[in-house]
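Observations on chain architecture
Residue strings, one per chain:
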Amino acid sequence: MHTRFRGVTIREAMLLRGPAGWAEFSPFAEYGPEESSRWLAAAIEAGWQGWPAPVRDLVPVNATVPAVAAADVGRVLDSFGDVPAVKVKVAESGRTGPEGVAEDVARVAEVRRLRPGAALRIDANQGWDHTTALAALQRLAEYGLEYAEQPVAGIEGLARLREALHAAGTPMRIAADESVRKETDPLAVARAGAADLVVVKVQPLGGVRRALGIVGAAGLDAVVSSALDTSVGIAAGVALAASLPALPFACGLGTVALFTEDVVVPGWLPDAGHLASGASGASRARPVPDPAALARLRAGEDRQQWWRQRLVQAHGVLSAT
Ligand SMILES: O=C(O)CCC(=O)C1=CC=C[C@@H](O)[C@@H]1C(=O)O
């Protein structure tokens, strides 16, 4: 990866080839069999079932700006090209005190300076406490945020913050991410009225169809994001975004731009701020890995063995349910 993101600089993924096309199984290294089993369900859908037909061709995407210094923002933005929206990471672990918040504000201000017309959203990955979030979002509101993604942890935390922002005269849309994909009940946040929209990721939610069902049952607008997938996994995100009945916000599916290299050549990067689902009959709805890139990026034998073991364990969970 060009920049450390979510604590990683190397993204590992297992690729599978089924009759419907290539599929990705890439739960983060610290995830156990239970959580990984949903990622495997998504891979099985991708490789052995395929996805529902798209209802739109073009999926607008956002640039994703990791928690870099303000001076590096321009370089990151340039790698995404001209996009309609930018998501800025804030509240990085260990940087949630006053100094960290000042860095976050500087990063957002720099994005706003460089992309005055873009829709802007922040993602705190539940890193702030209530007081810090309230103060930080009131400062950040000045830059015109379309929403704040998971500023604090928990469904009750989101609801309380949303009300406090209203009461303080700075109402702001709240998006739930961890409160959807990490909860045993992904609909609880919607039922509690704790968020205005949901962020949905295909692999953590167990596939395109399951994610579609969750969005429908939640009755909220949805933003589809990547799980930092290779272009093979991005195709599943595009399939979901292209089959949602409504797509009012740009999606976090441009993350191949954060990689130095991808298994598909060229990687699936936004073109004029969009990815094409192939609904129009054109294009590359099912990307195919490049054999030379696969050979170059192949993990060592031990690591491959570890991934095979994870696959077997995740499969064990799936077949027991
Ligand atoms: O939503 C985006 O713009 C890109 C995807 C993204 O931010 C993430 C992908 C994978 C892991 C997460 O830490 C992170 C997120 O929190 O949404």
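Residues numbered from 1 in each chain as written. Predicted model: local features only at pLDDT ≥ 70, side-chain atom pairs only at ≥ 80, totals over all residues. Heavy atoms only, no water.

**Considering the UniProt feature "domain: Mandelate racemase/muconate lactonizing enzyme C-terminal" (unreviewed entry) in the protein**
As annotated by UniProt and renumbered to match this structure, "domain: Mandelate racemase/muconate lactonizing enzyme C-terminal" (unreviewed entry) occupies residues 66–168. Helix makes up 48% of residues 66–168 and strand 15%. Its end C-alpha atoms lie 29 Å apart. (UniProt positions renumbered as here; feature names shortened; annotations may be inferred. Helix = DSSP H or I, 4+ residues; strand = E, 2+ residues; numbered from the N terminus.)

**A word on the nonpolar core**
One finds Ile 122, Trp 128 and Leu 137 to be the most contacted residues of the largest nonpolar core, which totals 91 residues. Here Trp 128 is in contact with Val 90, Ala 91, Thr 96, Val 101, Asp 104, Ile 122, Ala 133, Ala 136, Leu 137, Leu 140, Pro 151 and Val 152, once residues within four sequence places are set aside. Grouped together as the second largest cluster of nonpolar side chains are 6 residues, Tyr 147, Val 199, Val 223 and Phe 249 included. (Core = buried A, V, L, I, M, F, W, Y, C linked by side-chain atoms within 4.5 Å. Buried < 20%, exposed > 50% of the residue type's maximum accessible area, 1.4 Å probe, protein only. Contact = heavy atoms within 4.5 Å.)

**Focus: the layout of surface pockets**
Rolled over the atoms, a probe with the dimensions of a water molecule shows which regions are left empty. Considering only enclosed or pocket space, the largest pocket measures out at about 760 Å³ in volume. What lines the largest pocket is a set of 24 residues, and nearest its centre among them are Ala 13, Val 263, Leu 297, Arg 298 and Ala 299. Of all the elements in the fold, those that place two or more residues in the lining of the largest pocket are strand 1 (14–18), helix 11 (291–297) and helix 12 (301–320). Looking at the lining of the largest pocket, its residues break down into 13 nonpolar, 4 polar and 7 charged. Within this model, the second largest pocket holds a volume of roughly 550 Å³. (1 Å grid on protein atoms, 1.4 Å probe; cavity = no way out; pocket = protein on both sides within 12 Å on 5 of 7 lines; lining within 4 Å. Points joined across faces, edges and corners; volume = space filled by probe spheres on them. Nonpolar A, V, L, I, M, F, W, Y, C, P; charged D, E, K, R; others polar.)

**A look at the pairing of strand 1**
Here strand 1 shows a buried face lined by Met 14, Leu 16 and Gly 18 and an unburied face lined by Leu 15 and Arg 17. Note: strand 1 against strand 2 (residues 21–25), 5 bridges, orientation antiparallel. Bridge pairing links Met 14 to Phe 25 in strand 2. Connecting strand 1 to the next strand, strand 2, in antiparallel fashion are 2 residues. (Pairing = 2+ DSSP bridges.)

**Observations concerning helix 3 (residues 98–114)**
An ideal rise of 1.5 Å per residue puts 24 Å on 17 residues; helix 3 measures up with 24 Å between its terminal C-alpha atoms. Taken together, the buried positions of helix 3 are Gly 100, Val 101, Asp 104, Val 105, Arg 107, Val 108, Glu 110, Val 111 and Arg 112. Check the buried side of helix 3 and you find it contacts strand 4 (62–65), helix 2 (73–80), strand 5 (85–89), strand 6 (119–123) and helix 4 (130–140). (Expected span 1.5 Å × (residues − 1).)

**Considering the sheet that holds strand 5**
In spatial order, the strands read 4-5-6-7-8-9-10; together these 7 strands make up an open sheet with parallel pairing. The outermost strands of the open sheet, each flanked by one partner alone, are strand 4 and strand 10 (221–224). Within this sheet the neighbouring strands show an average axis-to-axis angle of 25 degrees, counted without direction. For strand 4 and strand 5, the ladder comprises 4 bridges, and the chain directions are parallel. Looking at strand 5, one finds that Thr 64 is bridged to Lys 87. Those strands touched by helix 2 are strand 4 and strand 5, and its axis lies near 150 degrees from that of strand 4. Helix-sheet contacts for helix 3 involve strand 4, strand 5 and strand 6, and the interaxial angle to strand 5 is about 165 degrees. (Axes fitted to C-alpha atoms, helices over the stretch in contact; angles between N-to-C directions.)

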